[in-house]
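Read off the chains here:
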Amino acid sequence: MRLQLCIFLSFLLKSLSAHNDFYTSIGHMTDLLFTEKDMVTSLKEYIRVEESKLEQVKRWADQLESLSITAIQDPEGFLGHPVNAFKLMKRLNTEWGMLETLVLSDTTEAFISNLTMQRKHFPTEDDQTGAAKALLRLQDTYHLETNTIATGNLPGVTYKSPMTVEDCYELGKIAYSDSDYYHTELWMSQSLQQLDQGEESTIDKVTVLDYLSYAIYQQGELERALEITKRLLSLDSEHQRARGNLKYFEFQMLQQRSDEEEAAQKQRNEGTVGNKTEEKKKGFKEPIPERKMYEKLCRGEGIQMTPRRQSRLFCRYYDNHRNPMYLLSPVKQEDEWDRPYIVRYHDIISHSEIEKVKSLAKPRLRRATVHDPLTGKLTTALYRVSKSAWLTGYDDPLIDKINQRIEDLTGLEMDTAEEMQVANYGVGGQYEPHFDFGRKDEPDAFKELGTGNRVATWLFYMTDVAAGGATVFPDVGAAVWPKKGTAVFWYNLFASGEGDYSTRHAACPVLVGNKWGKSRDIYYYRGYVPEKYPFTLTETTCYCIYFEVSLISNLK
């Protein structure tokens, strides 16, 4: 603070020194009195601003201290709430930067130096935007009310985190920048509601109403846009854009009414009023688009398992036809679905093994990739939101132990397998509908790997998920929910080597919680083929993707 004061006084003294010989003229001296008064006023304003800055910093530090104490008690649980994750991105990318600007002129050089250095490792603008879009994706997939998210009342939450006006406004702005006027309206309306309820904010109602009126207009609701614009002008009658919009909206309303009356008159003249198009055939239902079906299944709706089919699903103790490793301690196997046939193995990996794998993987996590059918290469994609790490037996003997377990239960040799892939979903983490096998139009799907097609898939669930995160099959209306310590398994190909298109599946966005999984690429199949598998193989290869061990076949 002393440094700024010195600079301030130096500037003023230089200004004063521009006029010399003041003592020779009382007139000039009286001017100095007024100059000094201005100096005192400016000095007091400077002190007030500095005190205000320090008070803001103190309040912010107190709030963060309380938040940090709560968060570090259970970091994964805390960040399992998507609002907490979004606010962490927002704080580190935006608010800490604002704090840096606030105190940059202060004498706290050590803090500024540390903050500036640490900011190199902070989330970027893209991270903040990505977290915001994840919240919007969760809102759509799980049909969440805006107020439900803003108040933090999500299902299964442990750490509630309400959103401020600024948080809601930021979401609205990000949606607006993408021309997503639907979500712009939702979140600007939420910001306005909280302002109307008396919440203090640096965001004013005029700014929010400006965004809101335009977003509503872009959705074709002229009458509502006009009402919002009138409210804006009642708060700021000189707002130039709003005044222009008011005239434009009123003109558009008149034009719209005129067009509607003209259309109605034309119908009356042609005698078509009251005529209706032919009704659809009784009992016919329009097919549900895949995206809608995927989201319904994620919400636990639309599951197409009849009681009769359900009665044919069983649980059993399984030893893979008297495999020596499981003769005395067979595993628990449960039928999850009939077509395609999906089984779940219970208690297949222990808590201590899971924690060990996670600790090995965390430092190595990188953005997960998908296979690009056009280039044949691996690349990142917006429809797969997760990070992956790769582990081998050289990292820890546990990896070999787990691979041996898979081999004993499936009969698949792991000697030539690639590294095990461990993955963790991000905020609203998902993997949209996809096939695990290569289609006919992808002849070089696995050329880079030097393998054949994917015969089957094995998914490990390494965490429970409080809400969301199911594995769903839109074509058959199936949903499999994560359960810690279990794995699910199904085949992707028929005996002919043709792909089973009913296995098209997706990983639903994680609404609340944290989802971990692991997988491994395997290259040989030998031994017993499970009874329900529709064909017999003599030698195949296998591959595993995120949360999966996907079996790959070189059919001969």
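Structure: above.
A brief structural summary. Only a predicted model underlies this, so the values are computations on that prediction, with no experimental measurement involved.

With respect to the nonpolar core
Reasoning step 1: One finds Tyr345, Ile348, Val357, Leu409, Trp458 and Phe460 to be the most contacted residues of the largest nonpolar core, which totals 33 residues.
Reasoning step 2: For this core, the elements supplying multiple residues, two or more each, are strand 3 (342–346), helix 15 (351–361), strand 7 (386–391), helix 16 (397–410), strand 8 (420–425), strand 10 (453–461) and strand 14 (486–491).
Reasoning step 3: With five residues, the top contributor of residues to this core is helix 16.
Reasoning step 4: Leu409 has contacts with Tyr318, Asn320, Tyr326, Val331, Tyr345, Ile348 and Trp458, leaving out every residue within four places of it along the chain.
Reasoning step 5: Counting 31 residues, the second-largest nonpolar core is a separate cluster that includes Cys168, Trp187, Ala506 and Leu511.

Thoughts on the side chain of Arg309
Reasoning step 1: Summarising the element assignment, Arg309 is placed in helix 14 (residues 307–310).
Reasoning step 2: A distance of 3.0 Å separates the side chain of Arg309 from the backbone oxygen of Gln304, its partner in a polar contact.
Reasoning step 3: Not counting residues within four places of it along the chain, the set of residues in contact with Arg309 comprises Gln304, Trp337, Asp338 and Arg339.

Overview of the pairing of strand 7
Reasoning step 1: Note that strand 4 (residues 366–367) and strand 7 share two bridges and pair antiparallel. Its bridge partner lying in strand 7, Arg366 is registered against Ser388.

Some points on the sheet that holds strand 9 (residues 431–434)
Reasoning step 1: Spatial strand order, 9-15-12-13: four strands in an open sheet with antiparallel pairing. The sheet is open, and its two edges are formed by strand 9 and strand 13 (478–480), each paired on a single side. Neighbouring strand axes in the sheet, compared pairwise and without regard to direction, differ in orientation by 15 degrees on average.
Reasoning step 2: Of the strand pairs in this sheet, strand 12 (residues 471–473) and strand 15 (residues 505–507) are connected by two bridges, and their pairing is antiparallel. By the bridge assignment, Thr471 is partnered in strand 15 with Ala507.

Describing the packing of helix 6 (residues 125–141) against helix 9 (residues 181–196)
Reasoning step 1: Closest axis-to-axis distance for the helix 6/helix 9 pair is 12 Å, and the angle between their directions is 95 degrees. Compared by their axis directions, helix 6 and helix 9 come out roughly perpendicular. Side by side, helix 6 and helix 9 meet where Leu136, Gln139 and Asp140 of the first sit next to Tyr182, His183, Leu186 and Trp187 of the second.
Reasoning step 2: Along the lines of polarity and charge, the residues of the contact of helix 6 with helix 9 split into four nonpolar, two polar and one charged.

Describing the pattern of salt bridges
Reasoning step 1: Inspection of every chain in the model, using the stated rule, returns 27 salt bridges.
Reasoning step 2: Across the pair Lys205 and Asp196 runs a salt bridge whose closest N-O atoms are separated by 3.0 Å.
Reasoning step 3: Where Lys401 meets Glu353, a salt bridge forms, and the shortest distance between an N and an O atom there is 3.7 Å. Placement of Lys401 in helix 16 and of Glu353 in helix 15 is noted, with a sequence separation of 48 residues between them.
Reasoning step 4: The class of Glu353 is buried, set by a relative accessible area of 8%.
Reasoning step 5: The network of salt bridges with common partners includes Glu76, Glu355, Lys358 and Lys362.

Calculation rules
Residues numbered from 1 in each chain as written. Predicted model: local features only at pLDDT ≥ 70, side-chain atom pairs only at ≥ 80, totals over all residues. Heavy atoms only, no water. Core = buried A, V, L, I, M, F, W, Y, C linked by side-chain atoms within 4.5 Å. Buried < 20%, exposed > 50% of the residue type's maximum accessible area, 1.4 Å probe, protein only. Helix = DSSP H or I, 4+ residues; strand = E, 2+ residues; numbered from the N terminus. Contact = heavy atoms within 4.5 Å. Polar contact = N/O pair within 3.5 Å; in protein donor to acceptor, adjacent residues only side chain to side chain. Pairing = 2+ DSSP bridges. Axes fitted to C-alpha atoms, helices over the stretch in contact; angles between N-to-C directions. Parallel < 35°, antiparallel > 145°, perpendicular 65-115°, else oblique. Nonpolar A, V, L, I, M, F, W, Y, C, P; charged D, E, K, R; others polar. Salt bridge = Lys/Arg side-chain N within 4 Å of Asp/Glu carboxyl O.

Fair warning: the whole summary comes from geometry, so function is off the table for now.
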